[in-house]
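Fold and geometry: a report
Letter by letter, the chains look like this.
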Amino acid sequence: MENMWLECIRCHKKFPWNTVIYTCDQCGALLDVKYRFEEPNPESWRGKPFSVWRYENFLPKVREKVSLNEGGTSLYKCDRLAEKFGIKNLWIKNEGENPTGSFKDRGMTVGVSLAKELGSRTVACASTGNTSASLAAYAAKAGLKCVVMIPSGKIALGKLAQAIMYGAIVLAVEGNFDQALNLVEQSSKRLGLYILNSLNPYRLEGQKTIAYEVIEQLGEPPDAIILPVGNAGNISAIHKGITEWKQLGLIEQTPRLIGIQAEGAAPIAHAYKKKKREVTFIENPETLATAIRIGKPVNWEKALRAIYDTNGAAETVTDEQILQAQKLLARTEGIFVEPASAASIAGLTKILDAGLIDKDERIVCITTGHGLKDPDTPIRTCEKPIQVKPDPEIIEKVLQ
Ligand code: F0G
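All values reported here derive from a predicted model rather than from experimental measurement. (Residues numbered from 1 in each chain as written. Predicted model: local features only at pLDDT ≥ 70, side-chain atom pairs only at ≥ 80, totals over all residues. Heavy atoms only, no water.)

Points about the sheet that holds strand β1 (residues 4-8)
Strand order in the open sheet formed by three strands is β2-β1-β3, and the pairing between neighbours is antiparallel. This sheet does not close on itself; its edge strands, each paired only once, are β2 (14-16) and β3 (31-35). Neighbour-to-neighbour, the strand axes of the sheet open up by a mean angle of 35°, direction not taken into account. Where β1 and β2 come together, three bridges link them in antiparallel fashion. For E7, the partnering residue across the bridge sits in β2 and is K14. (Pairing = 2+ DSSP bridges. Helix = DSSP H or I, 4+ residues; strand = E, 2+ residues; numbered from the N terminus. Axes fitted to C-alpha atoms, helices over the stretch in contact; angles between N-to-C directions.)

Right under this line is the structure:
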């Protein structure tokens, strides 16, 4: 694959595509996958199924695709929700519709295909839940061994159930996500595990297809894309996708990328607010949106690049605002998402209030994971079922 290589995002050192490496051996920064693209011809993919591999011209070439038909998620025009915010053009890209219920599947189809291509036997990740569920499923499909390290007691029940059911070796680490990721990195060096966290640049290649789908579904790029940010892989991936299509002349304008973090786990939003190019990590991140309970986002440098390059922004939201947004979305649009995903909706109010988006702009919020992943939250925060005797008179009384 002489048309593809890895390149350091900071010092631009190049590495052959098949080097198993996650950070630059010269300066320590993350890597990007780079391509010498052929002249793009949109007709070559327009007839293909609406899914990640529709965009294979922009993805690594692999002999065998490990796929569960990921991508091709709905983009809902949300007029009832838009009205609540006093805006006109709001869409939700619902990534909870992916095979394991989150956007991670887009990354894993490419990442696990690469793992096979490179001859890896065991894949591994640290995870706040969704990455482990997704990797476990794709590893099963590929016939690879899978090790996942999760912060003990801090992942949503549904996600844990998935990782166990798909047959991964699940290690509950006594520590937070950042410590688990550190452990995966150290173990991978010792044991030769192939890491599929978002520091793996191939995983982000799959995730950039969110941008391509949104552009095709709308017929043009939106003005802004708002999404929750944890380890900051997704915002970086979407930025890469958009940048590549812009450079190839397939789109003219680029949407502004706006990342939302939970107040107790917001190193990137804090850096943005101080207009800094460096991030101060948080030792003990806290939020009930466990998916984004991350204090040391590995992709911080790519994420700041995404935000500053697109004239985007970053904002924080409280847990209370996240829970309110989760309910509002479910009850106005019939879309049930997990708390982390609701951060993008919660952030919308603050972004509008701060004047960072005009009310007539076309806004896409990305909801990243399905609500059923975390059944405990609604059971705790919503109305309890009303206990009744099987008697129509009682029903009448109750419903009055
Ligand atoms: N939303 C959900 C539902 C997530 O699971 C994650 C990350 C994010 C948003 C943030 O995405 O890390 O690319 O900025 N979950 C990871 C995991 C960390 O392990 O499942 P990001």
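Things to note about the site of the ligand
The environment of the ligand is formed by 21 residues, the closest being T128, N130, N231, A232 and T368. Note that an oxygen atom of the ligand is positioned 2.7 Å from one of the backbone N or O atoms of N231. Protein contact buries 99% of the 470 Å² of open area that the ligand shows by itself. Of all the secondary-structure elements, those providing two or more residues to the shell around the ligand are α4 (130-142) and α9 (233-247). Of the residues in the shell around the ligand, the class split is eight nonpolar, eleven polar and two charged. (Near = heavy atom within 4 Å. Polar contact = N/O pair within 3.5 Å; in protein donor to acceptor, adjacent residues only side chain to side chain. Areas by Shrake-Rupley, 256 points an atom, 1.4 Å probe, with all protein chains shown as cover. Nonpolar A, V, L, I, M, F, W, Y, C, P; charged D, E, K, R; others polar.)

Topic: the nonpolar core
Formed by 69 residues in total, the largest nonpolar core has its most connected members in L90, I235, I238, I268 and L348. It is helix α13 (residues 339-353) that provides the largest number of residues to this core, a total of eight residues. Excluding its chain neighbours within four sequence positions, the residues that come into contact with L90 are Y76, K77, C78, L81, A82, F85, L348, I363 and C365. If you look at the next biggest cluster of nonpolar residues, it comprises 54 residues, including V66, L135, A163 and F177. (Core = buried A, V, L, I, M, F, W, Y, C linked by side-chain atoms within 4.5 Å. Buried < 20%, exposed > 50% of the residue type's maximum accessible area, 1.4 Å probe, protein only. Contact = heavy atoms within 4.5 Å.)

Here we look at the pattern of salt bridges
A side chain of one charge can pair with a side chain of the opposite charge if their charged atoms are brought near each other. Across all of its chains, the model carries 28 salt bridges by this definition. A salt bridge links R54 to E216; the nearest nitrogen and oxygen atoms lie 2.7 Å apart. Residue R54 is found in the loop between α1 (43-46) and β4 (75-77), and its partner E216 is found in helix α8 (residues 209-218); the two are separated by 162 residues along the sequence. (Salt bridge = Lys/Arg side-chain N within 4 Å of Asp/Glu carboxyl O.)

Some remarks on the sheet that holds β4
The strands making up a sheet associate through hydrogen bonds between their backbones, and the pairing can be parallel or antiparallel. A sheet is described by the order of its strands in space; here six strands give the open sequence β4-β5-β13-β10-β11-β12, paired in mixed fashion. The open sheet terminates on both sides in strands that have one partner only, identified here as β4 and β12 (313-317). Taken pair by pair, the neighbouring strands of this sheet meet at an average axis angle of 25°, ignoring direction. For strand β10 (residues 224-228) and strand β11 (residues 256-262), the ladder comprises five bridges, and the chain directions are parallel. Along β11, the bridge assignment pairs I226 with I258.

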